[in-house]
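Residue strings, one per chain:
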Amino acid sequence: MIPLKEPWELTVMRSAGGRLAEVVARLREVVAVDMTTLELDRLTEEAILARGAKPAFKGYKVGRAVFPSSLCVSVNEQVVHGIPSKRRLKSGDVVSLDFGLVYGGYFADTAFTVVLGTGDADAARLVAATEDALRLGIAQARVGARVGDIGHAIEMSVRPQGMGVVTQMVGHGIGRKLHEPPSVPNYGKRGTGDLLKAGMVLAVEPMITLGSDDTKILSDQWTVVTSDNSRSAHFEHTVAITPAGPEILTRLD
Ligand code: MG
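Scope of this entry: the structure provided in the associated data block. This one's a predicted model, so the numbers in the text were calculated from it and none came from an experiment. (Residues numbered from 1 in each chain as written. Predicted model: local features only at pLDDT ≥ 70, side-chain atom pairs only at ≥ 80, totals over all residues. Heavy atoms only, no water.)

**Describing the packing of helix α3 (residues 121-139) against helix α4 (residues 147-158)**
Point 1. Relative to each other, α3 and α4 sit at 150°, their axes nearing to 8 Å. Taken together, α3 and α4 sit at an angle that is classed as roughly antiparallel. Judged by the sense of rotation from one axis to the other, the crossing of α3 with α4 is right-handed. Along its contact with α3, which presents A129, A133, L136 and G137, the element α4 presents I150, A153, I154, S157 and V158.
Point 2. Along the lines of polarity and charge, the residues of the contact of α3 with α4 split into seven nonpolar, two polar and no charged. (Axes fitted to C-alpha atoms, helices over the stretch in contact; angles between N-to-C directions. Helix = DSSP H or I, 4+ residues; strand = E, 2+ residues; numbered from the N terminus. Parallel < 35°, antiparallel > 145°, perpendicular 65-115°, else oblique. Left-handed = near helix turned anticlockwise from the far one by under 90°. Contact = heavy atoms within 4.5 Å. Nonpolar A, V, L, I, M, F, W, Y, C, P; charged D, E, K, R; others polar.)

Right, here's the structure in full:
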């Protein structure tokens, strides 16, 4: 069963999402060449705590693996779930920041990608296409549509540009838990999958590559990288499905 949120729950989720959007704005301001990814993690955690919320990713468990940080930071061929470290960011790096918080018992989840300093044309093309794919996917998140419509829109927007769609990681429902049903793949057939209803809240999150679709997980048990070493970008919003259309909770008005 896909949980439907009551109006009061959506109110709390708006507060959670608004706080996360403020953290996005803060990180967009500060992320720069020569910073370490650990410094970015510290800033993320401080910004979340300063808003009366808690980091959603720190201590998150998959099997025996425990994620150690508040921020997932994934550089170049890293797709998602990169662990903050002493790595110093360089000009031209494609840096994806993915993070979430819990506020009032409800989760919000978001991600964005930037090219630092002077990047090449492919990096710019990748980031623009991934952000556009997110926008087009969200536009399908309407009452009466199906989960496959979202994935279809995302996939069809990037395939013609020769880009890859990560299929081994997917978006998800979100609410009282970080990951709830349904799964929201970034590919699919129109008119297939779960029916979308008012009160569903989804984390839509295309992960797009400049190469193939295939990914693997590094021995740290977290970092997902492209199998062909091509660069990857990731954008994500937490989106409520309402009778008036998709409402992006993790965006500042
Ligand atoms: Mg997510």
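**A short note on the coordination of the magnesium ion**
Point 1. Protein coordination at the magnesium ion: the donors are D109 (OD), H172 (NE2), E205 (OE) and E236 (OE), at 2.2 to 2.4 Å from the metal.
Point 2. Counting residues between consecutive donors of the magnesium ion along the chain gives the motif D-x62-H-x32-E-x30-E. Of this pair, E205 sits in the loop between β11 (201-204) and β12 (207-209) while E236 sits in the loop between β15 (232-234) and β16 (237-242), and the two are 31 residues apart along the sequence.
Point 3. Residue classification places E205 among the buried residues on the basis of a relative accessible area of 7%. (Donors = N, O, S within 2.8 Å, 3.2 Å for Na, K, Ca; no water. Buried < 20%, exposed > 50% of the residue type's maximum accessible area, 1.4 Å probe, protein only.)

**Brief notes about the pairing of strand β17 (residues 245-248)**
Every regular strand shows the same layout, with side chains that alternate between the two sheet faces.
Point 1. Bridging between β16 and β17 involves four bridges; their strand directions are antiparallel. Looking across to β17, one finds that T242 is bridged to G245.
Point 2. Between the end of β16 and the start of β17, which pair antiparallel, lie two residues. (Pairing = 2+ DSSP bridges.)

**Structural notes on the sheet that holds strand β13 (residues 215-217)**
Point 1. The strand order β5-β14-β13 describes an open sheet built from three strands, whose pairing is antiparallel. Two strands close off the open sheet at either side, each with one partner strand: β5 (78-80) and β13. Across the sheet, the mean angle from the axis of one strand to that of its neighbour is 40°, orientation sign disregarded.
Point 2. Examined bridge by bridge, β5 and strand β14 (residues 224-226) share two bridges and lie antiparallel to one another. Counterpart to V80 in the pairing with β14 is V224.

**Things to note about the packing of helix α1 (residues 7-30) against helix α2 (residues 37-49)**
Point 1. For the pair α1 and α2, interaxial distance at closest approach is 10 Å and the crossing angle is 150°. In terms of their interaxial angle, α1 and α2 are classed as roughly antiparallel. For the crossing formed where α1 meets α2, the hand is right-handed. Listed contacts from α2 to V23, R26, L27 and V30 of α1 are L40, L43, T44, A47 and I48.

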